Amino acid sequence: MTIPPHPLVTAARRLATEVLAPRAERVDQDGMPASSVEAVKRSGLLGIAAPLAYGGSAAPAAVVRETAEILAGACCSTWFVQTQHHTPVTTLARSDLPVRERLLGPLARGELLSGVAYAQLRAHPRVPVRVTRERGGWRFDGRVPWYTGWGLNDVMLLAGVTDADEALFAFTEAREQPGLRPSPPMRLAALTASRTVSLELDGLWLPEEAVALRTPYESWAVTDRPKNTNASPAVFGVTETAIGLLEEDPSAKETAGRLRARLDAVRRQAYDLADHPVPTERIEERLVCKTRAYDVMRAATTAAVVAGGGRAMDVRSPAQRLAREGMFLLVQGQTAQVRAAHLGSLGSPGPLSR
C-alpha cells in the first residue's frame, strides 16, 4: 500500500513546482520578488516545527528535512531566506519569556517572516556583539557580519554576549533604526538574491520584553556546536536537482544513475546520524558523512555543467546556478571543526593517486 505524502511535503512540492523553480534563474539574476516571499508565507511551511497550539504543525524531523530538500532544490535563495525563520520559531517555542506570546503565533502562522543574526556568537571568546544593561533594557554594540533577508524579513532575532558571559537573544524589527545600520546588500557569487548584509550596531536599545533567551554562553554553545556536524538537507536538494538535469540528457543517464546511488546511500547515513538520540555523540562519523555529501553534490553539479557544455557558461543556465549554489553550501554554516574535517578530506589522496 502506498503511503500518501505528508500534507506539508505536498505543499512544498506545489510551492516548488508552481512558484520557485519557474522563477529560479530570474531570482538568481534579478533578486527575489515580494510575491515569492508572500507565497512562502501562505504555504504553511513557516510553522513546520512550531507547536500546534500556536498555529504550527509540529511536524516530525523527517518531514522538515524533506521539505527543506524540495525548497533548496527548486530555488536555493528562497530556501536560504526562509530557513532563517525556523531558529526564531524554535527559540520561542522553548522560551518561557513574554515575547513568546507576542510573536510565536504570528511567526508560526506565516504572518511574519523572521531573520536571525547569531552566527557571530561562534567567534567566542572574541565578542563581535556586546550586550550591556541600559535603562531597564539592553544595549547592543558591535558588528553582525552576515544577516540574510534584509528588506524581506519583518523581524529579526539578534544575539550578543553580556558582560556576565551570557548569550542573549532578543527580537527587533528588521529595519534601519537608531543604533542599527545595514550595509548595502552584498554581491555574492551565489545567492545574492537572499539580500545578505552586515549590520553595524551602535547603541541599539531593546526593552527587556524583547528578550527570548538569556543563558550562560557555554550552556548555549554545548547545544549549538554539534548542529553543523550534520549534513544539510539543502545539499541533498541541490544534488537531487542536478541529477535530474543529467537524467534528461541521454548521454548522461549512466552517470546520473551512479550519482543517484551515491546520493541515496549518503542521505540514508546522514539522516540516521541526525536521528541519533544524543547529538554530541558520533561526531567524527557525522563529519565524514557530511564531507561525503559534499563530494556527491560537487560531482553532480560538475557533471551537470559538463553535460551542458558551452551552454552552461550562460549565467541563466540551471546547471551553472546549481554549481554556484553548491559552492555556497560548502561554506554555509561552516564552523572551524567542519572546515578542518572538510579540508582534511580534500587533501587526502584520491583513488587515482594511490
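Just above sits the structure.
As a starting point, this report considers the structure included with it. Quick caveat: nothing in here was measured; it's all calculated off a predicted structure. (Residues numbered from 1 in each chain as written. Predicted model: local features only at pLDDT ≥ 70, side-chain atom pairs only at ≥ 80, totals over all residues. Heavy atoms only, no water.)

1. Remarks on the side chain of Arg286
Part 1 of the reasoning: Mapped onto the elements, Arg286 comes out in helix H10 (residues 283-308).
Part 2 of the reasoning: One buried charged residue, Arg286, remains without a salt bridge, the closest side chain of opposite sign being Glu281 at 6.8 Å.
Part 3 of the reasoning: Excluding anything up to four places from it in sequence, Arg286 contacts Thr229, Asn230, Leu273, Ala274, His276, Val278, Pro279 and Glu281. (Helix = DSSP H or I, 4+ residues; strand = E, 2+ residues; numbered from the N terminus. Buried < 20%, exposed > 50% of the residue type's maximum accessible area, 1.4 Å probe, protein only. Lys, Arg positive; Asp, Glu negative; His and termini not counted. Salt bridge = Lys/Arg side-chain N within 4 Å of Asp/Glu carboxyl O. Contact = heavy atoms within 4.5 Å.)

2. Structural notes on the pairing of strand E1 (residues 114-117)
Part 1 of the reasoning: Alternating positions in E1 separate into two faces, Ser114 and Val116 on one and Gly115 and Ala117 on the other, with burial throughout.
Part 2 of the reasoning: Strand direction decides the pairing type here: E1 and strand E4 (residues 155-162), joined by four bridges, are parallel. Directly across from Val116, in E4, lies its bridge partner Leu157. (Pairing = 2+ DSSP bridges.)

3. A closer look at the packing of helix H1 (residues 7-30) against helix H2 (residues 34-42)
Part 1 of the reasoning: Relative to each other, H1 and H2 sit at 155°, their axes nearing to 11 Å. Judged on the interaxial angle alone, H2 and H1 are roughly antiparallel. Judged by the twist between their axes, the crossing of H1 over H2 is left-handed. Packed against H1, whose contacting residues are Leu15, Val19 and Arg23, the element H2 presents Ser35, Ser36, Ala39 and Val40 at the interface.
Part 2 of the reasoning: Considering only residue class, the contact of H1 with H2 consists of four nonpolar, two polar and one charged. (Axes fitted to C-alpha atoms, helices over the stretch in contact; angles between N-to-C directions. Parallel < 35°, antiparallel > 145°, perpendicular 65-115°, else oblique. Left-handed = near helix turned anticlockwise from the far one by under 90°. Nonpolar A, V, L, I, M, F, W, Y, C, P; charged D, E, K, R; others polar.)

4. Notes on H1
Part 1 of the reasoning: Along H1, the helix axis deviates most sharply at Ala24, where the bend reaches about 60°.
Part 2 of the reasoning: Listed in full, the buried residues belonging to H1 are Leu8, Val9, Ala11, Ala12, Leu15, Ala16, Val19, Leu20, Ala24, Glu25, Val27 and Asp28.
Part 3 of the reasoning: On its buried face, H1 is in contact with H2, helix H3 (61-74), helix H4 (76-83) and helix H11 (318-331).
Part 4 of the reasoning: Once H1 finishes, Gly31 follows within two positions and takes phi at roughly 105°, a positive value. (Bend = angle between axes of the 7 residues up to and from the residue.)

5. A closer look at the nonpolar core
Part 1 of the reasoning: If you look at the biggest cluster of nonpolar residues, it comprises 63 residues, and the most contacted ones within it are Leu15, Leu20, Leu71, Trp79, Phe236 and Leu329.
Part 2 of the reasoning: If we ignore the near neighbours within four places in the chain, the residues touching Leu71 are Ala12, Leu15, Leu20, Leu45, Cys76, Trp79 and Gln82.
Part 3 of the reasoning: Ranked by size, the runner-up nonpolar core spans 23 residues in total, among them Val89, Leu121, Val161 and Phe171. (Core = buried A, V, L, I, M, F, W, Y, C linked by side-chain atoms within 4.5 Å.)

6. Digging into the packing of H1 against H11
The geometry of a pair of packed helices is captured by two quantities: the angle between their axes and the separation between those axes.
Part 1 of the reasoning: The interhelical angle for the contact between H1 and H11, taken along N-to-C directions, is 60°, at an axis separation of 10 Å. In terms of axis orientation, H1 runs oblique to H11. You can see that H1 and H11 cross each other, and the crossing is left-handed. Between H1 and H11, the contacting residues are Ala24, Glu25, Asp28 and Gln29 on the first element and Pro318, Arg321 and Arg324 on the second.

7. Side note on the pairing of strand E7 (residues 196-207)
Strand residues, when the strand is regular, have side chains that alternate between the two faces of the sheet.
Part 1 of the reasoning: Bridge count for strand E3 (residues 137-148) against E7 is 10 bridges, and the pairing is antiparallel. Looking at the pairing, Thr148 lines up with Thr196 of E7.

8. Overview of the packing of aromatic side chains
Part 1 of the reasoning: Scanning the model with the defined rule gives eight aromatic pairs in all.
Part 2 of the reasoning: Summarising the aromatic geometry, the rings of Tyr147 and Trp150 are spaced 6.1 Å apart at their centres and angled 80° between planes, so their arrangement reads as edge-to-face. The residues Tyr147 and Trp150 share a single accessibility class, namely buried.
Part 3 of the reasoning: Centroid distance Phe236 to Tyr271: 5.5 Å. Interplanar angle 90°. Geometry classified as edge-to-face. (Phe/Tyr/Trp six-rings, centres within 6.5 Å; stacked < 30°, edge-to-face > 60°.)

9. Topic: the environment of Arg258
Part 1 of the reasoning: Assignment of secondary structure puts Arg258 in helix H9 (residues 253-274).
Part 2 of the reasoning: Judged by its relative accessible area of 57%, Arg258 is exposed.

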